[in-house]
Amino acid sequence: MGITQPGHEHDHDHSHAEISQSAPPGYYEIMETAVRELLIERRLIGADEIRRQIEVLDFRTPALGAKVVARAWTDQGFKARLLANGRAACEELGISFYDDTSLIVLENTDKIHNLIVCTLCSCYPRPVLGLPPDWYKAKPYRARAVSEPRAVLAEFGTIIPDDVEVRVSDSTAMVRYLVLPRRPEGTEHYDEEQLAALVTRDTMIGVVPATVLTERSSNDEH
Amino acid sequence: MKTKTTKRKPNFTGIVWALGERPIFRPGDNVRIATRSPIGHYRMPSYLRGKVGRVESVIEPSALDNEAEGFGRNAGSKLHYYRIGIPMTEIWADYQGSPRDGLRIEVFETWLEGI
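Source: prediction; values computed, not measured.

Asker: Mind showing me how you'd approach helix α8 (residues 139-147) of chain A here?
Answerer: Residues and elements named next belong to chain A. For α8, every residue scored as buried is listed here: Y141, A145 and V146. Angularly, the buried residues of α8 cover 110° about the axis, an arc narrow enough to put them on a single face. More than 90 degrees from the buried face of α8, the exposed residues found are K139 and P140.

In C-alpha cells form, the structure reads like this:
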C-alpha cells in the first residue's frame, strides 16, 4: 500500500517508489533552463507559448501519418498529389506544418526500399509523426543507417533482397521525409481505417514493411 | 515552403531573372560537394564532403541560406536546395550491399560545384 502522509491522500492500491528526479541536472539541462528563464524574463517569449508548443508536439503522433498512408493506398489521385508535394497533400487533410518544413514522400516499391535518417541531429517529419523514437536520435542508428543500411535493417528483422535498391535519405535543413510503405497483400477488402491500423511508425521511417501481422505475437517468433 | 520536383516552364519569355533567383543546376547534372570546413554548425554532413553525385531534382522555391542566417546574415541569401543522389559505393569504398544502393540528400547551392 502507498505511504500515507499528512495532506497527501493516496487513493490507488499499489505501492511504488517515490517519483523523483535523483540525478543532478546535466550541463544542457541547466543551459536550457537558463536560456528559457532569460527569454521569459526579457519577455521575448511567454511561459504559455512553451507549454503550448509542447502540447502541439505531443498531440502529433504516428496515427496521423498512418491516416495519410491509408488514404494514399485507397485514393490514387491523392497518392499522386502526395508524391508530387507531400506537404500540400497533408495540408489537404488538415495537417498543418507548424515548423515550416517541406515534405518529400518516398514510395517503397518492389524495386526500391527507402529508409530515412538524420545524421546531423534528429530531423524528423514531426508534423505527421510526432516526436522521433530514441533510437532514431541515437548515434549508432544515425551513423550506421548511411554506412551499412542493410545490416541495420536486418537488425529490425527486415531482409532486403539484393535486387532491391536500398535508398537512404539523410534529412538536413528544410526537407523532411516520410516513407510510403507498400500495401500488404491480402488487404484488398480492408477499408481505410483498417488499413491505417497496419501502418506503424517504423513502417513510415522505413525500418520495417507494413504487414497484416503487426501484432506482437508475430514478432516474438523472430 | 512547397516542394516541386518537376521543372516548370515560365509562361512568358523574356523575363529577366535576378542573380541567384534561378537554379544553376538541373536534374541530371553531375556535381561535387565542396570540401570546405568552416567553423560552426553546417548542415552539410562531413561524410559527404568531396563526394560526387547527381542532381535528382531542384527543391522549389529557393530558400534562405540558414547557415548564413545563423550568423545574422540573410539579406539576399536565397538560393536553391537540390536533391542529390550519391551511390553508396562512392561514399564507402568497402560498402557491403548492392552496387545500386544509394543515398539521397538535400544540399544548398553554395556547397555544390558542377563537374
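Asker: Looking at this structure, how should I read the environment of A:V179?
Answerer: All names here are of chain A. When you line up the elements, V179 lands in strand β4 (residues 175-180). Between the C-alpha atom of V179 and that of H113, which follows or precedes it by 66 residues, the distance is 9.1 Å. With sequence-adjacent residues up to four places away left out, V179 is seen in contact with L106, N108, N114, I116, M204, I205 and G206.

Asker: What am I meant to see in the environment of A:A70 here?
Answerer: Residue and element names in this part refer to chain A. Assignment of secondary structure puts A70 in helix α3 (residues 62-74). Accessibility expressed as a C-beta count within 10 Å gives 22 for A70, which makes it buried. Linking A70 and D99, residues 29 residues apart in sequence, is a C-alpha distance of 24 Å. Once you skip the residues sitting within four places of it in the chain, A70 turns out to touch E192, L195, A196 and V199.

Asker: Got a minute to help me understand the nonpolar core in this structure?
Answerer: The tendency in soluble globular proteins is for nonpolar side chains to be buried as a group. Within the largest apolar cluster, 63 residues are counted, with the highest numbers of intra-cluster contacts made by A:V69 and B:V107. With six residues, α3(A) is the single largest residue contributor to this core. Setting aside chain neighbours within four positions, we find B:V107 in contact with B:I33, B:M44, B:Y81, B:Y82, B:I84 and B:L112.

Asker: Can you help me understand the interface of chain A and chain B in this one?
Answerer: Many analyses report the size of an interface as the accessible area lost when the parts associate. Every contact between the two is made by 27 residues of chain A and, on the other side, 22 residues of chain B. Looking at the side of chain A that touches chain B, the elements that each hand over two or more residues are α5 (86-92), β1 (102-107), α8, α9 (149-155) and β3 (165-170) of chain A. Looking at the side of chain A that touches chain B, its residues break down into 12 nonpolar, seven polar and eight charged.

Asker: Could you clarify how one ought to interpret the sheet that holds strand β4 (residues 102-108) of chain B in this entry?
Answerer: What links the strands of a sheet is backbone hydrogen bonding, and the strands pair in either a parallel or an antiparallel sense. Strand order in the open sheet formed by seven strands is β2(A)-β3(A)-β4(B)-β3(B)-β2(B)-β1(B)-β5(B), with mixed pairing between adjacent strands. Edge positions in the sheet fall to β2 (112-117) of chain A together with β5 (112-114) of chain B, since each has one partner strand and no second. Across the sheet, the mean angle from the axis of one strand to that of its neighbour is 35°, orientation sign disregarded. Bridge count for strand β1 (residues 30-33) of chain B against strand β2 (residues 52-64) of chain B is three bridges, and the pairing is antiparallel.

Asker: Whenever I open this one, the domain arrangement of chain A confuses me. Can you help?
Answerer: Examined at the domain level, chain A breaks down into domain 1 (27-58) and domain 2 (61-220). Distance between the C-alpha centres of domain 1 of chain A and domain 2 of chain A: 31 Å.

Asker: Would you explain the pairing of β2(A) in this entry?
Answerer: In regular strands, side chains alternate between the two faces of the sheet. All names here are of chain A. Among the six residues that make up β2, five are buried, leaving the element largely enclosed by the rest of the structure. The pairing of β2 with β3 spans six bridges and is classified as parallel. Each residue of the ladder has a partner; that of I116, found in β3, is S169.

About the cut-offs
- Residues numbered from 1 in each chain as written.
- Chains lettered and ligands numbered in written order.
- Predicted model: local features only at pLDDT ≥ 70, side-chain atom pairs only at ≥ 80, totals over all residues.
- Buried ≥ 20, exposed ≤ 12 C-beta atoms within 10 Å, placed from the backbone.
- Helix = DSSP H or I, 4+ residues; strand = E, 2+ residues; numbered from the N terminus.
- Arc of directions from axis to C-beta.
- Contact = placed C-beta atoms within 7 Å.
- Core = buried A, V, L, I, M, F, W, Y, C linked by C-beta atoms within 7 Å.
- Nonpolar A, V, L, I, M, F, W, Y, C, P; charged D, E, K, R; others polar.
- Pairing = 2+ DSSP bridges.
- Axes fitted to C-alpha atoms, helices over the stretch in contact; angles between N-to-C directions.
- Domains from an automatic or database assignment.

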